[in-house]
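Listed here are the chains, written in short residue letters.
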Amino acid sequence: MRSAYIFFAPACPAYRQAGSRQLGRSKKRNMRASYQLPMVLKKLPKILLVTLEFPPQIGGVSRYYDGLIKNWKEEIKVMRANLKWPLWPHWLPLIWRVGKMVKKEKIAMLWVGQALPIGYIALWIKWRKKIPYVVFTHGMDILVPQTSRWKKYWLTKILSNTELVVANSQFTRGELLKLGVEKGRIVVVYPCPTPVTLIGKEMADISSANTVEKIILSVCRLVKRKGLDKVIEVMPRLLKRAPDLKYVIIGNGPEKVALQTQITESGLSGSVNILANVSDEGLQEWYNKCTVFVLPCRQIGADVEGLGMVFLEASLAGKPIVVGNSGGAPETVHHGYSGFVVDAEEPEELYQSLLKILTDEPFAKRLGVYGRDWVGRKFQWEREVEKLKNVLIK
């Protein structure tokens, strides 16, 4: 069991041991000290990413890993895991699958896509095979397990034995610090939107699509924390100022029926539409068509927005965005320059922000142009990947 606390991997040729300690009477203190011994990579190891979310699955986490892998440009394998085994724990067969691939591909480091349950497997393999691992975190995935004493114990155990923890935002980094992860072992690697080459009419759409009709757009999984009900709540007031206004919601999820009911009861069936299945190409078209992108997200218990890839995608399409002051979402907007950060529980804030954008076209255009430039400069996969490589090497 002692090897789980020692920061070296003798089975990994890419590592060398930087030192050792004898465990004496102060065993616990020395074990902690030996864990923190610096390690030096001679070169980047051969990596296996094990994740529950990866294309063709949809969602921000899936696109995060897709972008990271496409821009990594080093030797790496990906295992998209599933939890279809009928017995508990459902992840148990993954131990055999991951172990088999580690041996076959001569894997020297594991990347853990989800702290739980993939972290169980990484921890076991480290104990048995001395293969180090890196855990990627996205916010809600480390908050929800803390509602269970059992899961919180194992989450802390997994994080304390990892070589590095990758956070998708400063918000997530802050939550990791609360869990006791040393700040020197955390690196923030932001998700980055993939630039789309637009030609002809598509380029014109970015600046002039909203001359035909005003469109508010939301793209997300239909869950309560996204705040879609708050947008529907202010729609009747917005329609008085912008009669041609449409609100398009793209996504699916458990709140769909409740949202449809709210739309009908508010008399908004002709102004609000929910589209469940939209391709990537179709999504880009909606980004181009919309006047403003909005997602007034809020935290409900452990359910929180870790960052929000869709905010970055909308900004890169040249659209102003309105986000809720929750989780990592505010990190995606330069308040007052590329959009607004609002309190999702204050309908008046949301109403005034949307009204300003919808009724002041020159202002809305300035926000969109600034946001496109700001996101394009700040959120670049090349920079984020280089940051991660440098941390792993050092």
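That block above? That's the structure.
Structure report, in brief. (Residues numbered from 1 in each chain as written. Predicted model: local features only at pLDDT ≥ 70, side-chain atom pairs only at ≥ 80, totals over all residues. Heavy atoms only, no water.)

### Brief notes about a nonpolar patch on the surface
Move 1: A cluster of nonpolar side chains, Trp 85, Leu 87 and Leu 92, forms an exposed patch at the surface whose accessible area comes to about 270 Å².
Move 2: Within the secondary structure, Trp 85 sits in the loop between β4 (76-80) and α3 (92-105).
Move 3: Of the residues examined, Trp 85 reaches a relative accessible area of 34% and is grouped as partly exposed. (Patch = residues over 30% accessible without salt bridge, like charges linked within 9 Å, V, L, I, M, F, W, Y side chains within 5 Å. Areas by Shrake-Rupley, 256 points an atom, 1.4 Å probe, with all protein chains shown as cover. Salt bridge = Lys/Arg side-chain N within 4 Å of Asp/Glu carboxyl O. Helix = DSSP H or I, 4+ residues; strand = E, 2+ residues; numbered from the N terminus. Buried < 20%, exposed > 50% of the residue type's maximum accessible area, 1.4 Å probe, protein only.)

### A few points about α3
Move 1: Taking 1.5 Å of rise per residue, 14 residues should cover 20 Å, and α3 covers 21 Å from first to last C-alpha, within 8% of that figure.
Move 2: Turning to α3, its buried residues number three or more, namely Leu 94, Ile 95, Val 98, Gly 99, Val 102 and Glu 105. The arc that holds every buried residue of α3, seen down its axis, measures 150°, which confines them to one face. Those residues of α3 that are exposed and aimed more than 90 degrees away from the buried face are Trp 96, Lys 103 and Lys 104.
Move 3: On its buried face, α3 is in contact with β3 (47-51), β4, β5 (109-112) and α4 (118-129). (Expected span 1.5 Å × (residues − 1). Arc of directions from axis to C-beta. Contact = heavy atoms within 4.5 Å.)

### Observations concerning the pairing of β5
Move 1: Along β5, one buried face is formed by Met 109 and Trp 111 and the opposite face, lined by Leu 110 and Val 112, is buried too.
Move 2: Assessed by its sense of winding, the connection that carries the chain from β5 through α4 to strand β6 (residues 133-137) is right-handed. (Right-handed = clockwise from strand over helix to strand, strands pointing away.)

### As for the packing of aromatic side chains
Move 1: For the structure on display, the rule yields 15 aromatic pairs.
Move 2: Ring geometry for Tyr 64 and Tyr 65: centres 5.4 Å apart, planes at 80°, overall edge-to-face.
Move 3: Here the aromatic rings of Tyr 337 and Tyr 370 are separated by 5.5 Å at their centres, their planes lie at 40°, and the arrangement is tilted. Within this pair, whereas Tyr 337 is found in the loop between β13 (321-324) and β14 (339-342), its partner Tyr 370 is found in helix α14 (residues 361-378), the two being separated by 33 residues in sequence.
Move 4: Directly above the aromatic system of Phe 363 lies the positively charged group of Lys 356, at a separation of 5.0 Å from the ring centroid.
Move 5: Seen from the ring of Trp 72, Lys 389 lies directly overhead, with NZ or CZ sitting 5.2 Å from the centre. (Phe/Tyr/Trp six-rings, centres within 6.5 Å; stacked < 30°, edge-to-face > 60°. Lys NZ or Arg CZ within 6 Å of the ring centre and 35° of its normal.)

### Things to note about the pattern of salt bridges
Move 1: For the coordinates displayed, the defined rule picks out 22 salt bridges.
Move 2: Across the pair Glu 305 and Lys 226 runs a salt bridge whose closest N-O atoms are separated by 2.8 Å. Residue Glu 305 is found in the loop between β12 (292-295) and α12 (309-316), and its partner Lys 226 is found in the loop between β9 (215-219) and α9 (228-241); the two are separated by 79 residues along the sequence.
Move 3: A relative accessible area of 8% means that Lys 226 is categorised as buried.
Move 4: As a salt-bridge pair, Arg 377 and Asp 373 come within 2.9 Å of each other at their nearest N and O atoms.

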